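Now for the letters of each chain:
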Amino acid sequence: MNYTLIGHDLIHAAEEMLFQLLPAALLRRQEDDGTDDFCCSALTERDGVMTVQTETRLAGVTRTSTRTAESTGLDEMARKRALSEIVKLGIYDTVAPGLQTPPDWGALTGVRPAKLVRSLLHRGMTRGQVAEQFRDRYFVSPARTALAVRCAAYAEQALDGLGEDEVSLYLGIPFCPSRCAYCSFVSSSIEKSAGLIEPYVDALCADVQGTGALLREMGKKVTSIYIGGGTPTTLSADQLARLMDVTAKAMDFSALREYTVEAGRPDTITPEKLHAIRAGGADRVSINPQTMNDEVLARIGRRHSADDVVRAYEQARSAGFRVINMDTIAGLDGDTPESFAETITKLIALDPENITVHTLAIKRGADLSDRAGNAAQHDAVRQMLDFAMEHLPRAGYGPYYLYRQKFSAGGFENVGWCKPDTESFYNIAMMEEIQTILSCGAGGVSKRVDRDTGRITRFTPPKYPREYLEAGERIQAGKRRLLRESED
Ligand code: SF4
């Protein structure tokens, strides 16, 4: 599709909405040459009112829309936000009627729908008014609205009793036994980088000690810890024990609510490692099948079977974890609604406290054939998510956190489901941005959240393990600046 913008330059807003609606289209900012679908978004502004007129030709049918917003009294940021919204709504008005099935999230873009719910509630709306706004302004389906409202309630609950002097902690292990076909994380396979692991653990322990010293100096306690990756269980039992021991000694755990280690791939899990993780203080572990179909597992490059998942799960159960989470992905190559339903049914039968349902995200940067294939999968993915949404609640799970991925085809969501009182604080804190999270390890972004203003500030260390090994002091200085700024 070709598109032009007149009177404004909100390329990001226009492309985000177009991509959500037409994930397989190649978007080009150029004049109409009559050969392709075409969209024009034009802004005029008079007497403190912005008017966006949109005209779209899709499959030979032309539709128009006029949207307005007040601009009087708005600062630059607020004006841009209001304009961005009417640009997106104009595109939605003119494209959605030409689609067989409009997206479930309607005209709502953005990664954190539950955060939007909370912000509307804080502005004085009732839950009913928020639901009306989701339906009437953004055309969000009732099921997605209910999801967002429910997750917002969990975030408010997580804030209960949360001290200003508390932070959460993330430790990153960017190694995996092999690369999964769909992976978008920075992670090296151990076949290529086995020699890096020991020096990396040394550097990570030093990072944890430096971060712990900084937190103690500032009187900060740790609310939750998440050791993620990559696959943390690519480390040996001894390396895991050492890292967790260093962490326990470096930090003030007097406010600790939860400690998670992502065990990830079942082909890395052993009773010794689970024992080390449990003895190190973790009470939550994540064992991630992604699918319980052996053919799909082979296709996506996971070197384990569904039986390995069951074995790892039973070992984790015997090790005595309070909460076990299991991750799945809807839309994997070769998966079908039927086999996805079997995966969910098998996981429900295992009875973990948490089940997380992700959607495979094909990003805007992916090549066109991948995007077309993914777009063709939309209906299948919708059926998969519908199955999860129907059957998980029947088995006693409720949705507790939610996020969408920017510029991902179809704009579906990832949802964490939990049995009562087993929600993960860390996942809520991370996705709802209710608390500062400090990261240790390569690529882990530290994020300071100002709870009064909502302002977010970030510090990003080197992405790759080799650069990280050389960056020691720079990383500590960056985190010190990030935390100290809040006191200036
Ligand atoms: S286990 Fe996770 S982080 Fe590792 S390659 Fe697979 S998807 Fe990526």
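The structure presented is a predicted model; accordingly, all values stated were derived computationally and were not measured.

(A) Expanded view of the overall build of the chain. Regarding its fold elements, the chain presents 16 helices and 18 strands. Taking 2.2 N^0.38 as the reference for a compact globule, 488 residues should give roughly 23 Å; the C-alpha atoms of the chain span a radius of gyration of 23 Å, in line with that estimate. With the principal axes as the frame, the chain shows a C-alpha extent of 65 × 55 × 45 Å. Looking at the chain as a whole, 55% of its 488 residues qualify as buried.

(B) Fine view of the site of the ligand. Around the ligand lies a shell formed by Cys176, Ser178, Arg179, Cys180, Tyr182, Cys183, Phe185, Gly230, Thr231, Arg265 and Arg302. When the residues that make up the shell around the ligand are grouped by side-chain class, the tally is five nonpolar, three polar and three charged.

(C) Representation of the layout of surface pockets within the structure. Within this model, the second largest pocket holds a volume of roughly 2000 Å³. Lining the second largest pocket we find 47 residues, and of these Arg81, Lys115, Leu116, Ser119 and Arg123 sit closest to its centre. Broken down by secondary-structure element, the contributors of at least two residues to the lining of the second largest pocket are helix H1 (11–21), helix H2 (76–95), helix H3 (113–122) and strand S18 (456–459). The dominant element in the lining of the second largest pocket, judged by the number of residues it contributes, is H2, at ten residues. For the lining of the second largest pocket, the residue count by class is 20 nonpolar, nine polar and 18 charged.

(D) Representation of the pattern of salt bridges. Scanning all chains against the criterion turns up 31 salt bridges. Notably, a salt bridge pairs Lys88 with Glu16, separated by 3.3 Å at the nearest N-O pair. You can see Lys88 sitting in helix H2 and its partner Glu16 sitting in helix H1, a full 72 residues away along the chain. Close ionic contact of Glu217 with Arg480 constitutes a salt bridge, the shortest N to O distance being 2.9 Å. Here Arg480 lies in helix H16 (residues 472–485) and Glu217 lies in helix H6 (residues 190–217), a separation of 263 residues in the sequence. Judged by its relative accessible area of 44%, Glu217 falls in the partly exposed class. Beyond isolated ion pairs, a larger network of salt bridges with shared partners links Asp104, Arg144, Asp379, Arg382 and Glu413.

(E) Seen up close, helix H7 (residues 237–250). Taking 1.5 Å per residue, 14 residues should reach 20 Å; H7 reaches 20 Å between its end C-alpha atoms and fits that length. Taken as a whole, H7 has its buried residues at Gln239, Leu240, Leu243, Met244, Val246, Thr247 and Ala250. The buried residues of H7 occupy an angular sector of 155° when projected down its axis, which confines them to one face. Among the exposed residues of H7, those pointing more than 90 degrees away from its buried face are Asp238 and Lys249. Where H7 is buried, its residues contact strand S6 (166–173), H6, strand S9 (221–229), strand S10 (258–264) and helix H8 (271–279).

(F) A look at the packing of aromatic side chains. Summed over the entire model, instances satisfying the criterion amount to eleven aromatic pairs. Aromatic pair Phe134 and Tyr138: ring centres 6.3 Å apart, planes at 85°, arrangement edge-to-face. Tyr138 carries the same exposure label as Phe134, and that label is buried. Between Tyr200 and Tyr468 the ring centres are 5.3 Å apart and the planes differ by 40°, which places this aromatic pair in the tilted class. With a gap of 268 residues between them, Tyr200 in helix H6 and Tyr468 in helix H15 (residues 465–469) connect regions that are remote in the sequence. Taking relative accessible area as the criterion, Tyr200 reaches 0% and is therefore assigned buried.

(G) Highlighting the domain arrangement of the chain. Assigned domains of the chain: these are domain 1 (1–100) and domain 2 (157–478). The centre of domain 1, based on its C-alpha atoms, is set 36 Å off from the matching centre of domain 2.

(H) Local environment of unusual backbone geometry. Here the bond from Gly229 into Gly230 is cis, since omega is 15°, no more than 30 degrees from zero. Within the secondary structure, Gly230 sits in the loop between S9 and H7. Positive phi values are uncommon outside glycine, yet Phe139 reaches one of about 60°. Positionally, Phe139 belongs in the loop between helix H4 (127–136) and helix H5 (142–159). Residue Gln290 is not a glycine yet carries a positive backbone phi of 70°. Structurally, the position occupied by Gln290 is in the loop between strand S11 (284–287) and helix H9 (294–299). The class of Gln290 is buried, set by a relative accessible area of 7%.

(I) Here's a closer look at the environment of Ser184. Checked against the element boundaries, Ser184 lands in the loop between strand S7 (175–176) and strand S8 (188–189). Note: C-alpha distance between Ser184 and Ala361 (177 residues apart in sequence) is 9.3 Å.

(J) View of the pairing of strand S12 (residues 323–330). Here S12 lies mainly inside the structure; eight of its eight residues are buried. Side chains of S12 alternate between two faces, with Val323, Asn325, Asp327 and Ile329 and Ile324, Met326, Thr328 and Ala330 buried alike. Here S11 pairs with S12 via three bridges, running parallel. Along S12, the bridge assignment pairs Val285 with Ile324. Where S12 lies against strand S13 (residues 354–359), six bridges are found, and the strand directions are parallel. Its bridge partner lying in S13, Thr328 is registered against Val357.

Rules used throughout
- Residues numbered from 1 in each chain as written.
- Predicted model: local features only at pLDDT ≥ 70, side-chain atom pairs only at ≥ 80, totals over all residues.
- Heavy atoms only, no water.
- Helix = DSSP H or I, 4+ residues; strand = E, 2+ residues; numbered from the N terminus.
- Rg over C-alpha atoms; globule rule 2.2 N^0.38 Å.
- Buried < 20%, exposed > 50% of the residue type's maximum accessible area, 1.4 Å probe, protein only.
- Near = heavy atom within 4 Å.
- Nonpolar A, V, L, I, M, F, W, Y, C, P; charged D, E, K, R; others polar.
- 1 Å grid on protein atoms, 1.4 Å probe; cavity = no way out; pocket = protein on both sides within 12 Å on 5 of 7 lines; lining within 4 Å.
- Points joined across faces, edges and corners; volume = space filled by probe spheres on them.
- Salt bridge = Lys/Arg side-chain N within 4 Å of Asp/Glu carboxyl O.
- Expected span 1.5 Å × (residues − 1).
- Arc of directions from axis to C-beta.
- Contact = heavy atoms within 4.5 Å.
- Phe/Tyr/Trp six-rings, centres within 6.5 Å; stacked < 30°, edge-to-face > 60°.
- Domains from an automatic or database assignment.
- Pairing = 2+ DSSP bridges.

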